[in-house]
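# An overview of the molecular structure
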Amino acid sequence: MATRIVPADWIKNWEKSGKHEFVQLCKNLAYKTNHDSTIKDIQAALYELCWHVIQGNFKLDLSASVLCDMMDLRDDMPSILADVFSILDIETSSLEEKNKRDHYTQLVGACLFFVPDAILKERLDPETLESLGLIKQAHQFNQKIVKIKTKLFYKQQKFNLLREENEGYAKLITELGQDLSGNITSHIVLESIKSLIGCFNLDPNRVLDIILEVYECRSDQDEFFLPLIKSYMCEPLTLCHILGFKFKFNQEPNEETPTSLYHIAAALLHHNLIELEDIYVHLMPLDASIVEEHKREITEAKQIARKLTMVVVPSEKTEDKEREKEEEKNDKAPDNQKLGLLEALLRIGDWHHAQSIMDQMPSFYATSHKAIALALCQLLHLTVEPLYRRAGVPKGAKGCLLRPLKNKRAPRPAESFEDLRRDVFSMLCYLGPHLSHDPILFAKIVRLGKGFMKEYQSEGRNDNVKDKMDTLLSCFLSIADQVLLPSLSLMECNACMSEELWGLFKLFPYQHRYRLYGQWKNETYTSHPLLVKVKAQTVDRAKYIMKRLTKENVKPSGRQIGKLSHSNPTILFDYILSQIQWYDNLIGPVVDSLKYLTSLNYDVMAYCIIEALANPEKEKMKHDDTTISSWLQSLASLCGAVFRKYPIELAGLLQYVTNTLKAGKSFDLLILKEVVQKMAGIEITDEMTSEQMEAMTGGEQLKAEGGYFGQIRNTKKSSQRLKDALLDHDLALPLCLLMAQQRNGVVFLEGGEKHLKLVGKLYDQCHDTLVQFGGFLASNLSTEDYIKRVPSIDILCNQFHTPHDAAFFLSRPMYGHQILSKYDELKKAEKSNRQQQKVHKYVAACELVMSPVHEAVVSLHPPRVWDDLRPQFYATFWSLTMYDLAVPHNAYDREVKKLQLQVQVIEENPDVPMNKKKKEKERCTALQEKLQEEEKKQLEHVQRVLHRLKLEKDNWLLAKSTKNETITKFLQLCLFPRCIFSAIDAVYCARFVELVHQQKTPNFCTLLCYDRVFSDIIYTVASCTENESRRYGRFLCCMLETVTRWHSDRAVYEKECGNYPGFLTIFRATGFDGGNKADQLDYENFRHVVHKWHYKLTKASVHCLETGEYTHIRNILIVLTKILPCYPKVLNLGQALECRVHKICLEEKEKRPDLYALAMGYSGQLKGRKAHMVPENEFHHKEQPVRSATPVSQQNGPGTTAKPATNASKTEEGVSEDADRAKDKSQGAAKPANKANSTAAKVTTSNGNGAPNSTKTIKERDDKEKSGKEKKEKKEKTPGSTLETKGESRREKQRDERGAGGKEERAPREGKEKTPKADRDKQKVEEKSNKEDNKAKTGNGEPKEPSRERDTGAKESKSKEKGGDRSAMSGSLKSPVPRLESAESERDHKRRKLETHSSPSHSSSVKDNSNEPKDSASKHHINYNSVARSKSRERETDKKESENTRGRSKEKKTDDKDRKDRKREHMTTDREMSLESKRRKDENGTNSSNKHSKSASPSSGSPVSADKEKTKRSKSSSKEKGESAKPERNSSGGKKESRHDKEKSDKKEKRDSSGGKDEKKHHKSSDKHR
């Protein structure tokens, strides 16, 4: 074989071809596919080559090099070569030739560098290895081999494996696995185990391990194995280690710890066979890993929440979803052995150790795993079961019985509520929001809470028990906060649980509930990753729904909102409210969509609304600080709608409003206003139509049907809820008082730096809400409830500092209730059907009820007030309403007709089903009957009230001072405060004045009252808010309606005013009972007075429009709009207003758009009324029969004329003071002067002007004779006089002649009272000089601005037979009472301040003094004329007057003769003159400025001295006849007479007493304001 493989020729020819052939052969063999044959062939080739070397046929170095090359052919070539060397080693060792052995050794030695030593040591003989130098000694090497082989193959090791002692361990397993149902005990088995260990030499630790393994397989046999282990084990740490090894084995990546192992560990822990600290260290994962995982979960939850709130492109959304799915697939939760052990502990009831493990972990981390949460829930079920069966199971419910744990060491079941504190509350706190996994346990806990609250709310507990119960209550509140509400958030749309929870929550006071909701909304959702996600998902879903919510899809959207709200109402409502604050058009759809909410959700809704209202980050004002923010208005509207439609508790909202009022903030009254309006159907609006206003004066049914803009229906339940909330929490009266007090707080406390417009709005809002709220209480509270809660009027005003108008507003319903109840009592006590007796009983009831009120109101005002007004009158005015004064028959008829029409429409409509038709017809018929019954009832009531007033009226007004004072107090304390209180009160005030007039009330001057109302409205208007302006305008409109009715028809005037004491023009002493027709104001003169009132209204309006002040312009435009039906009636006044309003439109279009809108609205309506305006001569008879001429220019608008007026402040007291001072200064005529002082005080009218007397004095007749001559002379000197001037002159002459007729017989008596001649001469000189000074002043006026002039004349007489009885005085005092000097100086100061005031609509006046004496007993009379003429004519007139004055001394001598002649000629015309005198007196006597607006009227100039006017008229009549066409020119320079001149003229007037000085009063329109 060798020759065949490696021929000898190859060796011989090695260098040439042999090597190449050998290498090629080896390569071919190495690449063969058959593995076994290849190795054999290679071994043979190598063998033959090596054998040639040993034989010496082949060189050693050549063979070594070729063998080295062969090593690269295969990886196992060194091993193959070593095998060849091993065979050769055996063969050469047996050969005798030593050279061959040497060749072999040399060959192996040459191959050592490419054959590893280890291979050679395994295969060569030790001697050969020693010869090669691979080992030191062959002998030692052989010994070592023997030892290793012995240890490896003959020595046995024990690994404690079952197979080592399979019989012993088999018997052990059999022993542990036997049936334990018999009498087998752990002690018996333990003895057997000990025997087996001893017999088979078993390892004790392995035996313990087998015991644990069997226990793991038979985990239900705790009673057997636990005592066995306890008896067998010697050291707890060994058992911990064995368990630890078991847990460690299961910590491999693909392993899962069996639950049986957890059970064993838990059981051993529970029975204290091992310690938790010892086993805990063997469990995975580490605590640090758990904390990191928890943080990671929170971060991920926040990222998810952030993604949901971000706007994401759709493509990105799909990518994120795919990524999340992949993560869910890849992320498999690692096996958490600590949680497994915890679950096992909970299953067996070892709460102590379970609690210890949970304390090692983050909050709610353990229970976030469902298995653990369910295990804890199961333990809770078992713990609360007995108590739940006793106190929590609802009636009729059976429930599922639970088998208690066999474990005696488990927590003891709770038998009482006190036992819950032991374990249950702490278990629930560890469970937290994950109670959501077990809704049944949730319901049980809630029901236990309800059972506890029933016990808690029961009475009769001692202090010790009460403390325990309070502690338990706080525990239940904590559970609700930390467990119940968070768990509800994690429940999927469980409406039943929501309602169940409300059953508990409704037993808490709302303060506790709202605190819980606040925690739930603001803190709970940040405590756990799951809750963070849920919050984000809820907001995302809410956005989705709200984007699609419309009126059309309310129902489906409402269902979605309902589902979402069952679990997370706070988050949902917070978002909905934020949307409503931005978009108020969502209110309607949102309110309709809330019908699917649970009771708990409605309560949460109320809390969320209050929280949104109280948000400190929100500004309740817009940026311009003039209006309330729109978000607040939107929330207020939502409040009204939601609280009306759904049964939500109101206490929290009402208390919030009360608290804000306590804090001095009135913004949130808007909420109360909306709630009352929606829930009670009581609207507050000043924009009522006349029909609505009429309906508001009727009963409650009429108000509901016709008094409001919207048809108010179905408010019975909602108003009852509102009433109950107010009464249950005692908020009715506090809210009223706080609102009443806050009205002034708005102005003086709240409105410091706020815009005036805003302050007005807040004031109006506060006032309107008070009126609305008070109306609600009056109509909904029972008599007992109302009387019990509202204190008496004096306590309201004095103790609670309630404004009087608000106090009476609150008390008024109480008086009505009390009177009716007392009336019913009296009727029952004495049954009688006679109407008269019923009325008397009603009056008696009123006296019984109102007498304490009369006494109480005395303390409200200073004592001097009651000198004029009786407390009875004051209380009557404030206690009555429009319901008491008149029955609105038209309104009742109108509403009945509407209902009849509705019935007709229903019958004619074929689409309406029959049953619905029947119901509607029944409803309408029932309403008709109610209205008719109500009308009848009101009619009877009004008749009783009017009868009562008729009996009371004589004691209403005492008038101890002047009538002016009486009217002033009536206006200040009654009329003005109430007319701006509400729209219906405005109407009431006007109707009350008319009623007092119609009742012929003594001492009440109707004419003066109306005059004071219309004369000066500037200050009143300027001090009003926007809504008050509307009410004031409505009041003026009602007053003007009455005046217009009287003005329009003589018959009406004669019937309603002709013989009424309110229209007397001569005010007599109270004791004098005789009046005659001559004392009354006749119809034509009344028309003059009405024109004057219209003129004054125009002047005041123009002034307000010209001020440029926002409030003035706004308010006067509102007032003008309100009085448009009755004013302006005169064409020129309307044109003047139209011109000024047009100017406002132009000026305010860009600056103040709201004023522009008001002005444009009024302007348009004013143009529409032009057709109803008449020229002035149609409105009243222009040719007034007065002494001085009335030029054509009298018919001028207020823009070009300035009408003079009497001094508003010069009342009777002022005249009395002047008279007293004159008495001290008079020389040589003390008695006449004193008498004159007294008379002057008496004859002055109550508005400061003179009142005419029907008698004439002899002196006046003498003056007229002189004046006749002077007039003739003047006629000759002034040929250029106009026809009108001549006509005026003739009329004046006739009037003078008529007036002198009937006084001849009185002359002898009056002559006795004349002023001494010496005094008269002295006075004439002074008057002449004063008159010339005044002429110099008035001569500088501009002719372009003529003004009206009051040219006053007086008819003066005092007959002896009537002198003591008939004194011209408005009050009841017989003689004037001197005032204190301080009071005098104050009044003088006010008068001077008023007289020096200048404004665009005011006229100044200059007194023109005359130089002639007058009788001391003369009466005063003033006649007004308006004079307009050029400068030149005025100068000419002044010149002629001065000439006439110089000639008067000569003419005086012929006075007596002329007087006698005229007396005889004109005796027959005396009566006619008396009527003319009465008209002039009334026109002047009522021209008194209102004290509230002294300088606001066009007639606010300096006072006119009636005495001086009379003197001038009586002594220069002849001169006036001659120059009747030249009346005095009014100054338009705006200057007032100097204070010195005024005082000087006052002194002369007092000296003359009622002797005459003639004074002309000139008004100047200011150049600056023209």
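Residues numbered from 1 in each chain as written. Predicted model: local features only at pLDDT ≥ 70, side-chain atom pairs only at ≥ 80, totals over all residues. Heavy atoms only, no water.

### Considering the overall build of the protein
- When helices and strands are tallied, the protein shows 73 helices and two strands.
- Expressed as a percentage of the 1570 residues in the protein, the buried residues total 56%.
- Contacts in the protein between residues at least 24 apart in sequence constitute 83% of all its contacts with a sequence separation of at least 6.
- Split by element, the accessible area of the protein, about 69000 Å² in all, is 52% carbon and sulfur. (Helix = DSSP H or I, 4+ residues; strand = E, 2+ residues; numbered from the N terminus. Buried < 20%, exposed > 50% of the residue type's maximum accessible area, 1.4 Å probe, protein only. Contact = heavy atoms within 4.5 Å. Areas by Shrake-Rupley, 256 points an atom, 1.4 Å probe, with all protein chains shown as cover.)

### Digging into helix 35 (residues 669-680)
- Its 12 residues give helix 35 an end-to-end C-alpha distance of 16 Å, which sits within 8% of 16 Å, the value for a rise of 1.5 Å per residue.
- Across the 12 residues that make up helix 35, a large majority, 10, are buried.
- Every buried residue of helix 35 is accounted for by L669, L670, I671, L672, K673, E674, V675, V676, M679 and A680.
- One or two residues past the end of helix 35 sits G681, with phi positive at roughly 75°. (Expected span 1.5 Å × (residues − 1).)

### A look at the confidence of the model for the protein
- Taken residue by residue, the protein gives an average pLDDT of 75. The fraction at 70 or more is 70%.
- Taken as a whole, residues 1069-1075 scores under 50 in pLDDT and shows nine contacts with residues more than four places along the chain or in a different chain.
- Low pLDDT (under 50) marks residues 1184-1434, which in the prediction has 791 contacts with non-local residues, meaning those over four places away or in another chain. (pLDDT = per-residue confidence, 0-100.)

### Re the packing of aromatic side chains
- Inspection of the entire model under this criterion finds 49 aromatic pairs.
- Ring geometry for Y1053 against F1063: centres 5.7 Å apart, planes inclined by 85°, an arrangement best described as edge-to-face. Placement of the pair is Y1053 in helix 54 (residues 1050-1056) and F1063 in the loop between helix 54 and helix 55 (1083-1106), with a sequence separation of 10 residues. There is no split in this pair, since Y1053 and F1063 are both buried.
- Its end group placed over the ring of Y842, R944 keeps NZ or CZ at 5.2 Å from the ring centre.
- Of note, R978 hangs over the ring of F877, and the distance from its end group to the ring centre comes to 5.7 Å. (Phe/Tyr/Trp six-rings, centres within 6.5 Å; stacked < 30°, edge-to-face > 60°. Lys NZ or Arg CZ within 6 Å of the ring centre and 35° of its normal.)

### Observations concerning unusual backbone geometry
- Of the consecutive residues M284 and P285, the connecting peptide bond is found in the cis state with omega at 0°.
- By the element assignment, P285 lies in the loop between helix 17 (276-280) and helix 18 (287-309).
- Note the cis peptide between Y1127 and P1128, where omega equals 0°.
- Among the structural elements, P1128 can be located in the loop between helix 56 (1110-1122) and helix 57 (1131-1151).
- Its identity as a non-glycine residue notwithstanding, D730 has a phi of 50°, on the positive side.
- Residue position: D730 is located in the loop between helix 38 (716-728) and helix 39 (732-750).
- We note that N1003 has phi near 70°; this positive angle belongs to a residue other than glycine.

### Thoughts on the pattern of salt bridges
- Within this structure, the stated rule accounts for 47 salt bridges.
- With a shortest N-O distance of 2.9 Å, E418 and R421 are connected by a salt bridge.
- Note on R421: relative accessible area 40%, which makes it partly exposed.
- Across the pair D1011 and K1092 runs a salt bridge, and its minimum N-O distance is 2.7 Å. Note that D1011 is positioned in helix 51 (residues 1006-1015) and K1092 in helix 55, a separation of 81 residues in sequence.
- In this structure D1011 comes out as buried when scored by relative accessible area, which is 0%.
- Exposure remark for K1092: the relative accessible area of 1% places this residue in the buried category.
- Salt bridges sharing partners connect three or more residues here, namely R991, E994, E1041, R1045 and E1056. (Salt bridge = Lys/Arg side-chain N within 4 Å of Asp/Glu carboxyl O.)

### What about the nonpolar core?
- Among the nonpolar cores identified, the biggest contains 317 residues, and F505, F970 and F1035 are the most heavily contacted of them.
- Per element, the largest residue contribution to this core is 13 residues, and it comes from helix 25 (residues 463-490).
- Apart from residues lying up to four places away in sequence, F505 is in contact with A480, L485, R513, L516, Y517 and L600.
- Counting 46 residues, the second largest nonpolar core, distinct from the first, contains L46, V53, Y104 and L134. (Core = buried A, V, L, I, M, F, W, Y, C linked by side-chain atoms within 4.5 Å.)

### Things to note about the packing of helix 55 against helix 56
- Between helix 55 and helix 56, the least distance of the axes is 7 Å, while the angle of their chain directions is 145°. Note on packing geometry: the crossing formed by helix 55 with helix 56 is left-handed. Listed contacts from helix 56 to S1101, C1104 and L1105 of helix 55 are H1112, I1113, I1116, L1117 and L1120.
- Grouping the constituent residues of the contact of helix 55 with helix 56 by class yields six nonpolar, two polar and no charged. (Axes fitted to C-alpha atoms, helices over the stretch in contact; angles between N-to-C directions. Left-handed = near helix turned anticlockwise from the far one by under 90°. Nonpolar A, V, L, I, M, F, W, Y, C, P; charged D, E, K, R; others polar.)

### Overview of the environment of L733
- Mapped onto the fold, L733 is located in helix 39.
- Measuring from C-alpha to C-alpha, the distance between L733 and L810 comes to 9.2 Å, with 77 residues separating the pair along the chain.
- When sequence neighbours within four positions are dropped, the list of residues in contact with L733 reads R789 and P791.

### Examining a nonpolar patch on the surface
- A cluster of nonpolar residues, I148, L152, F153 and Y154, forms a patch on the protein surface that exposes about 530 Å² of accessible area.
- Within the secondary structure, F153 sits in helix 10 (residues 138-153). (Patch = residues over 30% accessible without salt bridge, like charges linked within 9 Å, V, L, I, M, F, W, Y side chains within 5 Å.)

### A few points about a positive patch on the surface
- Among the surface-exposed residues, R541, K547, R548, K555, R559, K563 and K595 lie close enough to one another that they form a single positively charged patch.
- Of all the secondary-structure elements, those providing two or more residues to the positive patch are helix 28 (529-548) and helix 29 (554-567).
- Tracing the backbone shows R541 in helix 28.
- Residue R541 is classed as partly exposed on the basis of its relative accessible area of 34%. (Lys, Arg positive; Asp, Glu negative; His and termini not counted. Charge placed at Lys NZ, Arg CZ, Asp CG, Glu CD.)

### Notes on the environment of R1034
- Among the structural elements, R1034 can be located in helix 53 (residues 1026-1048).
- Residues R1034 and I1118, spaced 84 residues apart in sequence, show a C-alpha to C-alpha distance of 9.7 Å.

### With respect to helix 14 (residues 222-232)
- Three or more residues of helix 14 are buried, namely F224, F225, L226, L228, I229 and Y232.
- Packed against the buried residues of helix 14 are helix 11 (166-176), helix 12 (186-200), helix 13 (204-217), helix 15 (236-249) and helix 16 (259-270).

### Let's talk about the side chain of N1003
- Position of N1003 relative to the elements: it lies in the loop between helix 50 (983-998) and helix 51.
- N1003 sits in the buried class, given a relative accessible area of 15%.

### Quick word on the side chain of H997
- Tracing the sequence through the fold places H997 in helix 50.
- Non-local contacts of H997, meaning those with residues more than four positions away in its chain, are made with T1006, W1046, E1056, C1057, Y1060, G1062 and F1063.

### Let's talk about the packing of helix 30 (residues 569-582) against helix 33 (residues 630-645)
- In contact at an axis separation of 7 Å, helix 30 and helix 33 are set at 120° when each is read in the N-to-C sense. With respect to helix 33, the axis of helix 30 lies oblique. Read as a crossing pair, helix 30 and helix 33 show a hand that is right-handed. Two secondary-structure elements touch here, helix 30 through L577, I580 and Q581 and helix 33 through W631, S634, L635 and L638.
- Residue composition of the contact of helix 30 with helix 33, grouped by class: five nonpolar, two polar and no charged. (Parallel < 35°, antiparallel > 145°, perpendicular 65-115°, else oblique.)

### As for the state of the cysteines
- Counting across every chain of the model gives zero disulfides.
- Here C974 stays free of any disulfide, with the sulfur of C989 as its closest cysteine sulfur at 8.7 Å. (Disulfide = S-S within 2.5 Å.)

### As for the environment of T1098
- Note on placement: T1098 falls in helix 55.
- A relative accessible area of 0% means that T1098 is categorised as buried.
- Counting along the chain gives 30 residues from T1098 to P1128, while the straight-line C-alpha distance between them is 8.1 Å.

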